[in-house]
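Structural overview for review
If you want the building blocks of each chain, they are given just below.
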Amino acid sequence: MKEIKLPGWDMGPVFFFDSIGSTSDYLRELALKGSRSGTVVWGRKQTEGRGRRGKKWFSPPGGLYFSVLLHSPQMIEPSFSLVAAGSVIRVLGEKTGLELKIKWPNDIYRKSSKVGGILCENFSGKLIVGIGLNIDPINSSKIDPGNSPGNLSELQAHPSEEVIGFILRELVGDFKIFQDKGFAFFLEEQKALSYLMGRAVRIDSSGGRVVNYGPRGQLILENSEGFFREIWQGTVVLLEEG
Ligand code: BTN
């Protein structure tokens, strides 16, 4: 492990590992020992990378895997994972021109392929935001083949330190706005970035077409009888590809 500097990032220390279990797990240990807001852990690869709902996150070298600790006196709502995905997409869009989308509630998509994910975990006034991006085309093709993995190979032309530093700064800016104004501030941008808007989906026992987001990031589904339903959590299955 070594402590490094990231361009434009001075909010907290950055710990870089050549190999680590999970950057979010390690950061949690640091947080429990009192690390300050803005502490970052970055791994070149992870051996125990985690995704949402206990899923494994395959993390070979060639991707970006990092987590940041953010202190917050108030409970951070789960919809922050959508906002964080928006921060990442804005930065990657500026760097590469790619038009990426967000598959509710935390996946980053390029066309119909998953290229990244956000894992937000809250505990005792602290939030850990873990970000994983598939970049290397060869390794990415081995990731969770059932879930159509893709890659962001264009990022290979940019120094990782710069990409991570820019994402962290964008994320912290959005975190401050989110604490102040909530998800509603990001609603229009989120609708425009949504991979699911207008599509027919099944989310656990509910089916319908995604017609809107609610002001707290919940999905609004309309079923075939014209009834609306709010969905706050679950795993989305697309019933039609776009
Ligand atoms: C998901 O798609 O469900 C979220 C994936 C989040 C992966 C990142 S990689 C950095 C951080 N450390 C982890 O163990 N997970 C997150």
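Since the structure is predicted, the reported quantities are computational estimates derived from the model, not experimental observations. (Residues numbered from 1 in each chain as written. Predicted model: local features only at pLDDT ≥ 70, side-chain atom pairs only at ≥ 80, totals over all residues. Heavy atoms only, no water.)

**A word on unusual backbone geometry**
Put simply, the test is: The helix count covers DSSP runs of H or I at least four residues long, the strand count covers runs of E at least two residues long, and both are numbered beginning at the N terminus.
Cis geometry marks the peptide bond from W104 to P105; its omega dihedral reads 5 degrees. Mapped onto the fold, P105 is located in the loop between β5 (101–103) and β6 (107–110). Even without a glycine there, the phi angle at D204 is positive, about 50 degrees. Along the polypeptide, D204 turns up in the loop between β9 (200–203) and β10 (206–213).

**What about the pattern of salt bridges?**
Using the following cut-off: The term salt bridge refers to a side-chain nitrogen of Lys or Arg lying within 4 Å of a carboxyl oxygen of Asp or Glu. Burial classification: accessible surface area is computed with a 1.4 Å probe over protein chains only, and a residue below 20% of its type maximum counts as buried, one above 50% as exposed, and the rest as partly exposed.
The full count for this structure, using the stated rule, is 11 salt bridges. One salt bridge in this structure joins R50 and E121, with 2.9 Å as the shortest N-O distance. Residue R50 is found in the loop between β3 (40–43) and β4 (64–71), and its partner E121 is found in strand β7 (residues 113–123); the two are separated by 71 residues along the sequence. Overall, the relative accessible area of 32% leaves R50 in the partly exposed class. For E121, a relative accessible area of 21% gives the class partly exposed.

**Describing the domain arrangement of the protein chain**
Going by this rule: An automatic or database domain assignment is the source of the domain bounds shown. The criterion used for residue contact is that any of the two residues' heavy atoms lie within 4.5 Å. Once two parts are put together, the accessible area they lose, assessed with a 1.4 Å probe and summed over both, is termed the buried area. Contacts described as polar in this section are N or O atom pairs within 3.5 Å, which, within protein, must combine one atom able to donate a hydrogen with one able to accept it, while residues neighboring in sequence count only if both atoms come from side chains.
Domain annotation for the protein chain reports domain 1 (2–192) and domain 2 (197–238). Domain 1 and domain 2 are separated by 25 Å when their C-alpha centres are compared. Taken together, the contact pairs 13 residues of domain 1 with 17 residues of domain 2. Carbon and sulfur atoms make up 54% of the surface buried where domain 1 meets domain 2, a total of about 1200 Å² over both sides. Three residues, R53, W104 and K191, lead the burial of domain 1 against domain 2; their summed loss comes to 51% of the area buried on that side. Along the contact surface separating domain 1 from domain 2 lie 1 salt bridge. In this structure, R216 and E77 form a salt bridge, with 3.0 Å as the shortest nitrogen-oxygen distance. Counting the contacts that link domain 1 with domain 2 gives 6 residue pairs in polar contact (both at pLDDT 80 or more).

**A short note on the packing of aromatic side chains**
Put simply, the test is: Here the aromatic set is Phe, Tyr and Trp, taking the six-membered ring for Trp, and pairing holds for ring centres within 6.5 Å; pairs whose planes are under 30 degrees apart are stacked, those over 60 apart are edge-to-face, and all others are tilted.
Scanning the model with the defined rule gives 7 aromatic pairs in all. On the numbers, 4.7 Å between centres and 65 degrees between planes, the contact of F17 with Y26 is edge-to-face. On the basis of relative accessibility, which here comes to 10%, the residue F17 falls in the buried class. Ring centres of F80 and F175 lie 5.3 Å apart, and the angle between their planes is 75 degrees; this geometry places the pair in the edge-to-face category. Of this pair, F80 sits in helix α2 (residues 80–96) while F175 sits in helix α4 (residues 160–181), and the two are 95 residues apart along the sequence. Each member of the pair, F80 as well as F175, carries the same accessibility label: buried.

**What about the sheet that holds strand β1 (residues 2–6)?**
We count it as follows: Two strands pair if DSSP finds at least two bridges between them. Fitted lines through C-alpha atoms give the axes, limited to the stretch in contact for helices. The angle between two N-to-C directions lies from 0 to 180 degrees.
Read from one edge of the open sheet, 8 strands run β1-β2-β3-β4-β8-β7-β6-β5, paired in mixed fashion. Either end of the sheet is taken by a strand with one partner, and the two such strands are β1 and β5. Going from strand to strand, the sheet's axes swing by 25 degrees on average, the running direction of each strand aside. The strands touched by α4 within the sheet are β1, β2 (9–17), β3, β4 and β8 (126–133), with β4 carrying the most contacts at an inclination of about 30 degrees.

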